[in-house]
Amino acid sequence: MAGILQARFLTRLPGGPAISADLDLPGDDGPATVLFGPSGSGKTTVLRALAGLDRPDEGTIVHAGETWLDSRKGLFVPARHRRIGFLFQDYALFPHLTAKENVAFGLRGEAKAERERRAGEVLALLRLDGLGHRLPSELSGGERQRVALARAIAPAPRLLLLDEPLSALDAPTREELRAELRSLLLGLRVPAVVVTHDRIEALALGDRIAVMVDGRIRQHGAVAEVFEHPADRDVARCVGVDTVLAGRVVGAAEGLASVESHGLRFSAVDRGFGGDVWVLVRAEDVVLERGGGVRSSARNHLPGRIVAVSPEGPLARVVVACGDARISALVTRASRNDLGLEEGTDVVAVVKAPSVHLMPRG
């Protein structure tokens, strides 16, 4: 059955790469699809094409049975006729208009009384009661974000497009508004496409995820499925699988596969893969121990030496050379200090078998 949105198009950027999209929003398994990938991968280009702000060179876009783009037929529906809500990365609020006037701006086709009523209703929904008279310069970052979002949803759009909606906020505000935004998307029941390069936001906001790498959507599916079973090595790196090693399955017994990789022997849950595989391990699944280690249920104890330590907010990323492989671990600053985890320190990287993910290679 066709989804609420089907988009298959190609945009050639002058002097740059070609950006292609192959996207299908089912419309019945949650409202939000996250368009996820590193900066420069083409996410915003895809979003602008969906909005009708840019015209792709070729392809089709169909929303709820209505064709917005068909390059072969020369058909292109501009943004003003698509009834979409668009939240820009920098919010793009009019500095000379109050919060309420900014929200009402998208309701220009309505009578004045209706614009007033709807703007007040949406401001209240976004917890902006009493702030409608303020200019953007008189609002906090979180309040400006809410005003921009209120303006996007005020016209009751058929599709909501959010470009890095939380990136302009400081970390505490971003964390606070993340849950609010998810609740709002669930409550509105409007299909939404959310662009982000932040893995936590992708997990928190999305029902489905489309991963873009080098200008192309490489995998599209349920968030958990894509994060747990990336389609290829590039997707694995993109979604945050920090250690990606080439290996080979050399045996299987009692539900465990034995894999050789870079002079190491890994135990992983047997998924029926044979031959050449990718070995995928997330940094948060790696525990570092000093000395001989302790007895545990973990199947993988990999001795090595720390070759790099770099702070990442409240955590530290520790890279351990185990044989010819490099294995990344995330530890708290307290653990780093307690264990004396510095470059040159000998450690044991401990990983449970279920945390070692295998993916066919080739």
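What you see is a predicted model; the values in this text were computed from it and never measured.

### Quick word on the pattern of salt bridges
All told, the structure shown has 21 salt bridges when counted by the stated rule. Close ionic contact of Asp234 with Arg218 constitutes a salt bridge, the shortest N to O distance being 2.9 Å. A residue pair is termed long-range when its members are at least 10 positions apart, and Asp234 in helix H8 (residues 233-238) and Arg218 in strand E11 (residues 216-222) qualify at 16 residues. Overlapping salt bridges, with partners in common, bring together Glu114, Arg117, Arg118 and Glu121 in one network.

### Some thoughts on the side chain of His357
When you line up the elements, His357 lands in strand E21 (residues 357-360). Taking relative accessible area as the criterion, His357 reaches 16% and is therefore assigned buried. In contact with His357, not counting residues within four places along its chain, are Glu228, Trp278, Val279 and Leu280.

### Some remarks on unusual backbone geometry
Backbone geometry follows two general trends: most residues other than glycine have a negative phi, and most peptide bonds adopt the trans configuration. In this structure, Ala156 takes a positive phi of about 55° despite not being glycine. Given a relative accessible area of 40%, Ala156 falls into the partly exposed group. Non-glycine residue Glu254 carries a positive phi angle of around 55°. Overall, Glu254 belongs to the exposed group, its relative accessible area being 84%.

### A few points about the sheet that holds strand E14 (residues 264-269)
Pairing in this open sheet of 5 strands is antiparallel, and the strands run E14-E13-E12-E15-E21 from one edge to the other. Two strands close off the open sheet at either side, each with one partner strand: E14 and E21. Looking at each pair of strands side by side, their axes are set apart by 45° on average, direction ignored. Taken together, the 5 bridges between strand E12 (residues 243-253) and strand E13 (residues 256-261) define a ladder with antiparallel strand orientation. Looking at E13, one finds that Arg248 is bridged to Glu260.

### With respect to the pairing of strand E18 (residues 315-322)
The buried fraction of E18 is high, at 7 of 8 residues. The pairing of strand E17 (residues 300-312) with E18 spans 7 bridges and is antiparallel. By the bridge assignment for E18, Ala308 is matched with Val319. Hairpin connection between E17 and E18: a loop of 2 residues separates the two successive antiparallel strands, and Gly313 in this loop has a positive phi of roughly 65°. The sheet contact formed by E18 and strand E19 (residues 325-332) spans 8 bridges and is antiparallel. Looking across to E19, one finds that Val318 is bridged to Ala329. Hairpin remark: E18 followed by E19, antiparallel, with 2 residues in the connecting loop; positive phi at Gly323, about 60°.

### Overview of the sheet that holds E18
Ordered in space as E16-E20-E17-E18-E19, the 5 strands form an open sheet in which the pairing is antiparallel. Each end of this open sheet is capped by a strand with a single partner; those strands are strand E16 (287-289) and E19. Within this sheet the neighbouring strands show an average axis-to-axis angle of 45°, counted without direction. Bridge analysis of E17 against strand E20 (residues 346-351) gives 6 bridges, and the strand direction is antiparallel. Opposite Leu302, over in E20, you have Ala349 as the bridge partner.

### Overview of the environment of Val226
Relative to the assigned elements, Val226 resides in helix H7 (residues 223-228). Residues Val226 and Leu97 lie 129 residues apart in sequence; the distance between their C-alpha atoms is 42 Å. Val226 has contacts with Ile209, Val211, Gln219, His220, Gly221, Val235 and Val239, leaving out every residue within four places of it along the chain.

### Some thoughts on the packing of aromatic side chains
What the rule picks out here adds up to 3 aromatic pairs. Seen from their ring centres, Phe86 and Phe88 are 4.5 Å apart, and the 40° between their planes marks the pair as tilted. Looking at Phe88, the relative accessible area reads 29%, which means it is partly exposed. An angle of 55° between the planes, with centres 4.6 Å apart, marks the rings of Phe94 and Phe105 as tilted.

### A word on the confidence of the model for the protein
Across the protein, pLDDT averages 88, with 97% of residues at or above 70. Averaged over each element, pLDDT in the protein is lowest for H7 (81) and highest for strand E6 (residues 75-76) (96).

### Here's the deal with the nonpolar core
Counting residues in hydrophobic clusters, the biggest one holds 52 residues, and the most contacted among them are Ile209 and Val211. Examining the composition of this core, we find that 6 residues originate from one element, helix H4 (residues 141-153), more than from any other.

### Some points on helix H3 (residues 112-125)
Taking 1.5 Å of rise per residue, 14 residues should cover 20 Å, and H3 covers 20 Å from first to last C-alpha, within 8% of that figure. The set of residues buried in H3 consists of Arg118, Ala119, Val122 and Leu123. Viewed along the axis of H3, the buried residues span an arc of 135°, placing them on a single side of the element. Those residues of H3 that are buried lie in contact with helix H2 (99-105) and H4. Trailing H3 by a residue or two, Arg127 shows a phi angle of about 60°, which is positive.

Rules used in this analysis
- Residues numbered from 1 in each chain as written.
- Predicted model: local features only at pLDDT ≥ 70, side-chain atom pairs only at ≥ 80, totals over all residues.
- Heavy atoms only, no water.
- Salt bridge = Lys/Arg side-chain N within 4 Å of Asp/Glu carboxyl O.
- Helix = DSSP H or I, 4+ residues; strand = E, 2+ residues; numbered from the N terminus.
- Buried < 20%, exposed > 50% of the residue type's maximum accessible area, 1.4 Å probe, protein only.
- Contact = heavy atoms within 4.5 Å.
- Pairing = 2+ DSSP bridges.
- Axes fitted to C-alpha atoms, helices over the stretch in contact; angles between N-to-C directions.
- Phe/Tyr/Trp six-rings, centres within 6.5 Å; stacked < 30°, edge-to-face > 60°.
- pLDDT = per-residue confidence, 0-100.
- Core = buried A, V, L, I, M, F, W, Y, C linked by side-chain atoms within 4.5 Å.
- Expected span 1.5 Å × (residues − 1).
- Arc of directions from axis to C-beta.

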